[in-house]
Amino acid sequence: MSLGWKWFVEYQTPHSAHMHGIKGIVYSRKSRVQNIDIVDSCEYGRMLILDGKVQSTVRDEYFYHEALVHPVMVAHEKPEDVLIIGGGEGGTLREVLRHPTVKRAVMVDIDVEVIKSSRRFMPELSGGAFDDDRAEVVIGDGRRFVEGCRGRFDVVIMDVTDPLEEGPGQFLYTREFYESLARILRDGGIVVTQATSVYYSTYCFATIYRTVESVFGRAGGYQTWVPAYDSVWGFVYGTKGPDPEAMDPEGVNERLRERGLQGLRFYDGATHQSLFMLAREVREQLRAGRIATDSCPTFMPI
Ligand code: SAM
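Below or above, wherever it landed, is the structure these notes cover. Residue numbering note: each chain is counted from 1, following its sequence as written. Only residues with pLDDT of 70 or above have their local features reported here, since the model is predicted, and side-chain atom pairs are shown and tallied only from 80 upward, although totals for entire chains, interfaces and linings are computed over all residues. Excluded from the side-chain calculations are hydrogens and water; all other atoms, namely the structure's heavy atoms, are used.

**As for the overall build of the protein**
In step 1: Elements are defined by DSSP. Helices are runs of H or I of four residues or more, strands are runs of E of two residues or more, and each kind is numbered from the N terminus. Secondary structure summary: the protein contains 10 helices and 12 strands in total.
In step 2: In this treatment the radius of gyration is a C-alpha quantity, and the globule benchmark scales as 2.2 Å times the residue count to the 0.38 power. The C-alpha atoms of the protein give a radius of gyration of 18 Å, which matches the 19 Å a tight globule of 302 residues would have.
In step 3: Taking the principal axes of the C-alpha coordinates as reference, the protein spans close to 60 × 40 × 40 Å.
In step 4: Put simply, 68% of the contacts in the protein that link residues at least 6 apart link residues at least 24 apart.
In step 5: Note that accessible areas follow from Shrake-Rupley with a 1.4 Å probe, and for residues the cover is restricted to the protein chains shown. Counting every atom, the protein has about 12,600 Å² of accessible surface; 49% of that belongs to carbon and sulfur.
In step 6: Counting rule applied: Lys, Arg positive; Asp, Glu negative; His and chain ends not counted. Charge coordinates come from a single atom per side chain, which is NZ of Lys, CZ of Arg, CG of Asp or CD of Glu. Side chains of the protein give 35 positive and 43 negative charges; the mean places of these two sets differ by 3 Å. In what follows, a contact means two residues having at least one pair of non-hydrogen atoms within 4.5 Å.

What follows is the structure, encoded as structure tokens:
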């Protein structure tokens, strides 16, 4: 008896996986960078998968994109020039451009096929952001862009694929890379990066934290549940200016009001405060991470 759907199995570790019922494959292609699949899932609607890892789904992507973008954008007094590395489906760019302070949002993604296929088959994710006059899309390796960049930015948002061995993002989680990021970040600037699963790759999360802290001096980690990832997802920031964790709910709501951003689906002052409630043992483990370098990068378990 046919189920009417097939199972897509995403591994979190070699011994733990999440199964997604898939009704159909909309697009599937091996680009020069990675395997790109866009599928219709039963539970989450249309879903972008890169190298076998769920990136975004139409149903719950705002959990991730609002959690990644707004804590640092709200903490910064006046973010005008923003750099996004990765973010190919456009959700991060969409959320950055909601801030009226933004004059220029440069998005650097290594794979034009992710942008093109997402715009065509999952337009809800970018929501028109690619057509915004303030948006500038560069196709290329984020690390090479940063190392050659003469511009300066108020906020940098790292939304690249997980650190996987041989993956395209593996050298964008190292001390050398963060040192080059620090060079293009203005005084008072803040950098944030997705930092893998707090639960299934705690050591990788802690290593990203320690590595960012070793370069910026002041760093913080936070988390949110992302249903389609079937995990609590981690984020790490490094700051040369305000500390997002120091903002209270009233301060966050005041800044959201100032910028006309009250109607977000996931993020507000109360949510902001909850993001920083890491379990005690996770907070302790943050200290136990090592510093990732180009010669010894950090990787997720699978
Ligand atoms: N939410 C996802 C996550 O947490 O893993 C990330 C989403 S986004 C689709 C990841 C993007 O990173 C992809 O579009 C991919 O092409 C891009 N990417 C990977 N390595 C890169 C690199 N070295 N430079 C620039 N973009 C890169």
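**Some points on the site of the ligand**
In step 1: What makes a residue near a molecule or strand is one non-hydrogen atom of that residue sitting within 4 Å of it. Close contacts around the ligand come from 27 residues, with Gln34, Asp109, Asp141, Gly142 and Pro168 the closest.
In step 2: Each polar contact in these results corresponds to two N or O atoms within 3.5 Å; when the atoms are within protein, one needs to be able to donate a hydrogen and the other to accept it, and residues that are neighboring in sequence are counted only if both atoms are side-chain atoms. Measuring from an oxygen atom of the ligand, one finds a side-chain N or O atom of glutamine 34 at 2.9 Å.
In step 3: Interatomic distance of 3.4 Å between a backbone N/O atom of glycine 88 and an oxygen atom of the ligand.
In step 4: Coverage of the ligand by the protein chains reaches 100% of its 590 Å² of free accessible surface.
In step 5: Sorting the residues of the shell around the ligand by element identifies strand E4 (45-50) and strand E7 (104-109) as the ones contributing at least two each.
In step 6: Across the shell around the ligand, the residue classes break down as 11 nonpolar, 10 polar and six charged.
In step 7: For the domains described, the bounds stem from an automatic or database domain assignment. Both domains that meet at the shell around the ligand, namely domain 1 (6-57) and domain 2 (61-286), each give it at least three residues. Here the nonpolar group is Ala, Val, Leu, Ile, Met, Phe, Trp, Tyr, Cys and Pro; Asp, Glu, Lys and Arg are the charged ones; every other residue, Gly included, is treated as polar.

**What about the pattern of salt bridges?**
In step 1: A pair is scored as a salt bridge if a Lys or Arg side-chain nitrogen falls within 4 Å of a carboxyl oxygen belonging to Asp or Glu. With the rule as written, the count across this model stands at 23 salt bridges.
In step 2: Residue arginine 59 is joined to glutamate 43 by a salt bridge in which the shortest nitrogen-to-oxygen separation is 3.1 Å. Here arginine 59, found in the loop between strand E5 (53-57) and helix H1 (61-75), pairs with glutamate 43, found in the loop between strand E3 (35-41) and E4; they are 16 residues apart in sequence, far enough to count as distant.
In step 3: Each residue gets one of three labels from its accessible area relative to the maximum for its type: buried under 20%, exposed over 50%, partly exposed in between, using a 1.4 Å probe on protein chains only. Arginine 59 sits in the partly exposed class, given a relative accessible area of 49%.
In step 4: The structure contains a network of salt bridges with shared partners spanning Glu61, Arg94, Glu95, Arg98 and Arg265.

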